[in-house]
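# Structure at a glance
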Amino acid sequence: MGGNEEEEQNAQEEQMSLHVRLVTKDARDRETTVTLPQKAKVEDLKNTACDAFGVEREGNKLIDYYQQRFHASLEGKYDSSLEEATLLDGQHIKLTPRDMDDEDDLVHAPSSPTSPGPGALAVISADGVTHPAYRTTQRSSSSAYGSTFRGVVGPQNVPFPSANKEAGLAGLSNLGNTCFMNSSLQCLAHTVPLMRCFLTGGYTDDLNRTNPLGMHGELAEGFGQLMELLWKGGVAHVTPRNFKDSIGRFAPQFSGYAQHDSQEFLAFLLDGLHEDLNRIKNKPYIEEKDSNNRPDEELAAEAWHNYRQRNDSFIVDHFQGLYKSTLDCPRCGANSAKFDPFMYLSVPLPESRMLSLTLHMVHMDGSEHPTKYVVEVPSTGTVLDVLVALARTANLPVTYPPSSTKAGAKAGVAPGQEAAAAAAAGGAMAEAAVVGGATAEAAVGGGATAGAAVGGGA
């Protein structure tokens with residue numbers, strides 16, 4: 001079995017533990033922990049919980065009680081897997097009678113001059129106003145939580161109150177391993193031009209719901225409402241759970257709660273916002289022209305103009321540019337230049353070209369104890385480079401063997417003298433300098449590189 005197949009099988013066999021609380025009308029509540037595979041159905045969860053408590057399946061319903069607050073009803077998700085229902089390992093589930101009202105769908109707010117008295121319940125709407133909590137038997141899209149546009153922001157994106165009223169000082173709850181998403185969202189939330197565009201609502205004028213490459217404006221609206229929650233003040237942190245679920249619908253590679261690459265997520269989000277806010281409804285066909293040795297200024301202006309005829313959005317205004325690529329013919333010398341749009345650049349990380357080695361120098365006459373040295377040589381160098389570096393570190397005179405092409409070869413050792421004496425002085429022999437027992441003489445004779453000569457003894 002290959003490595004990928006093993007990882008896939010292990011992922012399918014991963015277990016999830018859920019804390020199920022049975023709520024009864026006579027207040028004799030009970031709790032148990034149910035362990036099921038992540039791929040198990042929500043119906044399996046209900047059947048297992050009902051069997052554990054010894055209650056009927058038909059007369060009870062399941063409620064997603066994430067962070068011990070009402071999150072969503074699981075009644076219409078019995079055919080979905082636990083992962084598809086966005087349930088997390090270790091979270092709470094409620095099993096209640098089907099005719100019992102969901103009266104826990106509230107957010108506790110701390111007492112303040114503008115909030116209810118001590119111990120009272122309150123909900124915070126999207127406009128930042130604290131409202132007293134009234135028990136209701138129905139949930140509408142215009143509840144005290146604010147607009148629940150297509151489910152992107154609503155009771156599933158709950159803001160948790162904070163005594164600090166300063167705007168922007170809000171965190172994002174980690175859902176499994178979604179720090180890659182939270183870090184990207186925080187970067188964008190504090191990018192001033194983007195922040196102003198979404199907080200002022202200016203982006204709504206550019207929503208493009210007919211773009212086949214976009215997400216019908218849903219991604220932009222969901223991002224905008226999440227920005228409002230982060231910047232309204234008085235919020236400690238926001239759980240972007242349903243926003244994460246929406247991202248997974250549009251980009252299945254980001255579904256679930258596994259780790260992903262932040263750059264890949266950021267690229268998807270910016271591209272999705274661009275397509276949702278593209279002001280061009282009907283993209284014209286544009287034929288590219290050859291460069292014909294025209295100046296770069298003219299080529300760049302033409303390329304940018306052509307690109308903006310098909311792509312014109314706030315994201316293009318602030319996050320995109322052009323880079324130049326050239327093609328030269330080695331035979332005829334012809335040159336062709338082209339300017340292409342970019343939103344992010346891949347920059348290689350610098351790699352060290354030096355190799356650090358730990359060596360032990362042994363004096364053959366036994367006049368001194370073995371001495372430990374650390375030297376740096378080029379990773380593509382030879383053992384001769386190791387010996388020269390050792391001699392310089394040990395303050396020994398440097399001489400080169402006759403076969404060396406170094407500038408100092410004129411001062412080399414006499415004919416017939418062993419190459420191991422290249423770094424020798426005062427009776428010290430460097431032949432034991434190479435860790436692992438190999439003599440420098442043999443290594444230099446074979447022309448081995450420093451990395452190969454030292455091997456695993458470095």
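Let us look at the structure shown here. (Residues numbered from 1 in each chain as written. Predicted model: local features only at pLDDT ≥ 70, side-chain atom pairs only at ≥ 80, totals over all residues. Heavy atoms only, no water.)

### Some words on the packing of helix α3 (residues 179-189) against helix α7 (residues 262-276)
- Relative orientation of the contacting elements α3 and α7 amounts to 50 degrees, with a least axis distance of 9 Å. In terms of axis orientation, α3 runs oblique to α7. Along this stretch, α3 crosses α7, giving a crossing that reads as right-handed. Contacts between α3 and α7 involve F180, M181, S183, S184, L185 and L188 from the first element and S262, F265, L266, L269 and L270 from the second. (Axes fitted to C-alpha atoms, helices over the stretch in contact; angles between N-to-C directions. Helix = DSSP H or I, 4+ residues; strand = E, 2+ residues; numbered from the N terminus. Parallel < 35°, antiparallel > 145°, perpendicular 65-115°, else oblique. Left-handed = near helix turned anticlockwise from the far one by under 90°. Contact = heavy atoms within 4.5 Å.)

### Here we look at the pattern of salt bridges
- This structure, assessed with the given rule, holds 15 salt bridges.
- Among the ionic pairs, D206 bridges to R279, the shortest N-O distance being 3.4 Å. One end of the pair, D206, is in the loop between α4 (192-199) and α5 (218-231); the other, R279, is in the loop between α7 and α8 (296-308), with 73 residues separating them in the sequence.
- Where salt bridges share partners, they join D206, R279, R308, D312 and D317 into one cluster. (Salt bridge = Lys/Arg side-chain N within 4 Å of Asp/Glu carboxyl O.)

### Thoughts on the packing of aromatic side chains
- As enumerated under the stated definition, the model contains eight aromatic pairs in all.
- Both rings, one in F254 and one in F268, keep their centres 5.8 Å apart while their planes meet at 45 degrees; by these two values the pair is tilted. A residue pair is termed long-range when its members are at least 10 positions apart, and F254 in the loop between α6 (241-250) and α7 and F268 in helix α7 qualify at 14 residues. Each member of the pair, F254 as well as F268, carries the same accessibility label: buried.
- The positively charged end of K94 is found above the aromatic ring belonging to Y65, 4.6 Å away from the centroid.
- Above the ring of F250, the side-chain terminus of R249 is found at 5.1 Å from the ring centroid. (Phe/Tyr/Trp six-rings, centres within 6.5 Å; stacked < 30°, edge-to-face > 60°. Buried < 20%, exposed > 50% of the residue type's maximum accessible area, 1.4 Å probe, protein only. Lys NZ or Arg CZ within 6 Å of the ring centre and 35° of its normal.)

### Quick look at the nonpolar core
- Ranked by internal contacts, the top residues of the largest apolar core, which has 37 residues, are L185, L194, F198, F223, I247, L269 and L273.
- The element contributing the most residues to this core is α5, with seven residues.
- Leaving out residues up to four positions away in the same chain, L273 has contacts with F198, L219, A220, F223 and I315. (Core = buried A, V, L, I, M, F, W, Y, C linked by side-chain atoms within 4.5 Å.)

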